[in-house]
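Chain and residue survey
Here's the letter readout for the chains.
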Amino acid sequence: MENYYQPEIETMPLEQLQALQSERLVKQVKYVYDNVKFYRDRMDEMGVKPEDIKGIDDLHKLPFITKDDLRDQYPYGLLAVPLKDCVRIQSTSGTTGRRVVAFYTQEDIDIWDECCARAIVAAGGTKEDVCHVCYGYGLFTGGPGLNGGSHKVGCLTLPMSSGNTERQIQFMTDLGSTILCCTPSYAANLAEAIHEGGFRDKIKLKAGIFGAEPWTEEMRHNIEEALGIKAYDIYGLTEISGPGVSFECKEQAGMHIQEDHFIAEIINPETGEVLPEGEVGELVFTCITKKAFPLMRYRTRDLCYLTRKKCSCGRTHVRMHKPMGRSDDMMIIKGVNVWPSQIEAVLLNQGYQANYQILVDRIQNRDQIEVQVELTPEMEADPSVTVAEREAKVVKGLKSMLGIKVDVKVVPPKSIVRSEGKAVRVIDKRHLYQ
Ligand code: ADP
Ligand code: ZN
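Described below are features of the structure shown in this document. (Residues numbered from 1 in each chain as written. Chains lettered and ligands numbered in written order. Predicted model: local features only at pLDDT ≥ 70, side-chain atom pairs only at ≥ 80, totals over all residues. Heavy atoms only, no water.)

Turning next to the coordination of the zinc ion (ligand 2). Only Cys-249 (SG), His-256 (NE2), Cys-311 (SG) and Cys-313 (SG) from the protein coordinate the zinc ion (ligand 2), and they sit 2.1 to 2.3 Å from it. For the zinc ion (ligand 2), the four donor atoms in the first shell make angles of 105 to 113° at the metal, so the coordination geometry reads as tetrahedral. Sequence spacing of the donor residues for the zinc ion (ligand 2), all on one chain, is C-x6-H-x54-C-x1-C. Taken as a pair, Cys-249 in the loop between strand E8 (242-248) and strand E9 (255-257) and Cys-313 in the loop between strand E13 (306-307) and strand E14 (319-320) lie far apart in primary sequence, 64 residues in all. Looking at Cys-249, the relative accessible area reads 0%, which means it is buried. Residue classification places Cys-313 among the buried residues on the basis of a relative accessible area of 15%. (Donors = N, O, S within 2.8 Å, 3.2 Å for Na, K, Ca; no water. Tetrahedral: all angles 85-135°; square planar, octahedral: opposite > 155°, others 65-115°. Helix = DSSP H or I, 4+ residues; strand = E, 2+ residues; numbered from the N terminus. Buried < 20%, exposed > 50% of the residue type's maximum accessible area, 1.4 Å probe, protein only.)

Printed below as a string of C-alpha cells:
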C-alpha cells in the first residue's frame, strides 16, 4: 500500500513549490477560460487575457468568485467538463436560496481522497488502523471525503455516518476503532456517552480528525482528555472539494494547506486587496488541479491568517489558522448550518410575526439554541390552543427545516425589544469563549 505521506510534495522547498503552482495556474487559467463561459465573460469584462497570467504573482489580476455567483450559476453554470465526464456531486448543507452543488470527475475524486489520506497520515494513520467515520454520508462532503482517504491509506474503514450514538460506541469497542473522524461537537457528545456508559477502558482510539465547524482549544483539550487521544483539526469546503483542503500535523499549530492543489490568499473583505502573511482577512482559494468544478479566487467568507513559519513536521506547505468566524451571518449549530432566515420562515409560516430572537450558547461543549417568539394578540385571544402545544409545533417545524432540536419559548406579545434600526436577531454567546 502506498504511503500517503508524500515528502517529495509535502516538504518541497518553497521555491520549487511556487514554481509548480505557477506552472499549474497558467494551465488552469487557460483551461477555465476555454471551458467555462462564465469565467471567459468575467475575464473579458475585466480585460484580462489568459496570457496575462504568467505565474502566481499575477493571480491578483483574476476576478473573484463569490457564493452568490455559485447560486446564480446553479446547477451547471461553472461546469468545465461535459456532464458525462462527471461521476459525483456533493452539496453544501444550505437549504435557503439555491443550494451550491459541486461536481467531480473521477480524477477530482482521486485527488480529494488523496488530500484526506494525507490528513489521516498526518494524524498518525497507517493501514493497521481502524478508521471510524461518523461524519454524515450523502450530499455532505464529510463522510465521503474521509471514507475515500481512509481507503487510500488502507485503514479498515467503518462507514458509520452520523447519529445513533449507542451503535457508534458498540462498533467502536467491538471492532477496536483507533481513529475517529467526525465534527468536534459530535466527538464531545460521544465522549460524554462513553464516559456515562463506563466504556472508557474498552475503547482503543488514539487519534481524532475533527472539522467542518469552528472549535476552541479548550474543546480540543477536553476531547483529548476524555477520550485519551490526540485531536487533529481538518478544514475544507464543498466548493473547493470538501474536507482535506488543509489539515493539522502533530505540531497542532495551524493547518497545512495542500498547496500543490490549492493556492490560498488572504484579502481584505471590504476592499479585496491582498493582505500580507500574518494578517487576518478573508480566505480565498484557487484550485489548480480540479477538472469539473475548478473555482478560481473563490471567496470563502472564512476569516483567518496564514503563516509560513517553519513547522517541526518538515512540511513546507503554508499553514492557516483555524477560521475565527465567517463574514456572513450563518450559524453552525451542532455541526449543522443554520440561517436566521430559515427560522423566520418556519415562524411566519405558522402565523407568527417577525418578533423573535435566537439565543445561541455552548454549555458543557454542547451547542444550545433557543428561539423566543411572541404570540400575536390573536393567538393570545384564542383559548383553543395552549402555549405548550404552540411551542411543540414550532419545535417540530424547526426540526424538519434544520434537522436539529431547537428549544422554543413562546412569550407574551410585546415582550421582545423592537429594533430601531437593523434588527439584531441572533445573540450568539459562543464567541465569548473563543
Ligand atoms: P457550507 O457550510 O458553506 O454549507 P460546507 O459544509 O462545505 O458548506 O462547510 C464549509 C465551511 O465549514 C467552511 O467554509 C468553514 O466555514 C467551516 N469549516 C470547515 N472546517 C472547519 C474547521 N476545521 N474549523 C472551522 N470552520 C470550519
Ligand atoms: Zn507541520
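Continuing now.
A few words on the site of ligand 1. Surveying the vicinity of ligand 1 reveals 20 residues, the closest of which are Lys-67, Ile-234, Thr-238, Asp-302 and Asn-337. Within the contact set of ligand 1, a nitrogen atom lies 3.1 Å away from a backbone nitrogen or oxygen of Ala-212. Note that a nitrogen atom of ligand 1 is positioned 2.9 Å from one of the side-chain N or O atoms of Asp-233. When ligand 1 is considered free in solution it has 560 Å² of accessible area, and contact with the protein chains removes 97% of it. It is strand E7 (residues 230-237) that provides the largest number of residues to the shell around ligand 1, a total of five residues. Here the shell around ligand 1 is built from residues that sort into eight nonpolar, seven polar and five charged. (Near = heavy atom within 4 Å. Polar contact = N/O pair within 3.5 Å; in protein donor to acceptor, adjacent residues only side chain to side chain. Areas by Shrake-Rupley, 256 points an atom, 1.4 Å probe, with all protein chains shown as cover. Nonpolar A, V, L, I, M, F, W, Y, C, P; charged D, E, K, R; others polar.)

Moving on, we get to the sheet that holds strand E20 (residues 407-411). Taken together, four strands build an open sheet; the order of strands is E20-E19-E18-E21 and the sheet is mixed. The open sheet has two edge strands, E20 and strand E21 (426-428), and neither has a second partner. Strand-to-strand, the axes of this sheet are offset by a mean angle of 15°, without reference to chain direction. Here strand E19 (residues 366-374) runs beside E20; their pairing, made up of five bridges, is parallel. When the sheet's bridge partners are listed, Val-371 is paired in E20 with Val-408. (Pairing = 2+ DSSP bridges. Axes fitted to C-alpha atoms, helices over the stretch in contact; angles between N-to-C directions.)

Don't take any of this as a statement about function, it's just geometry.
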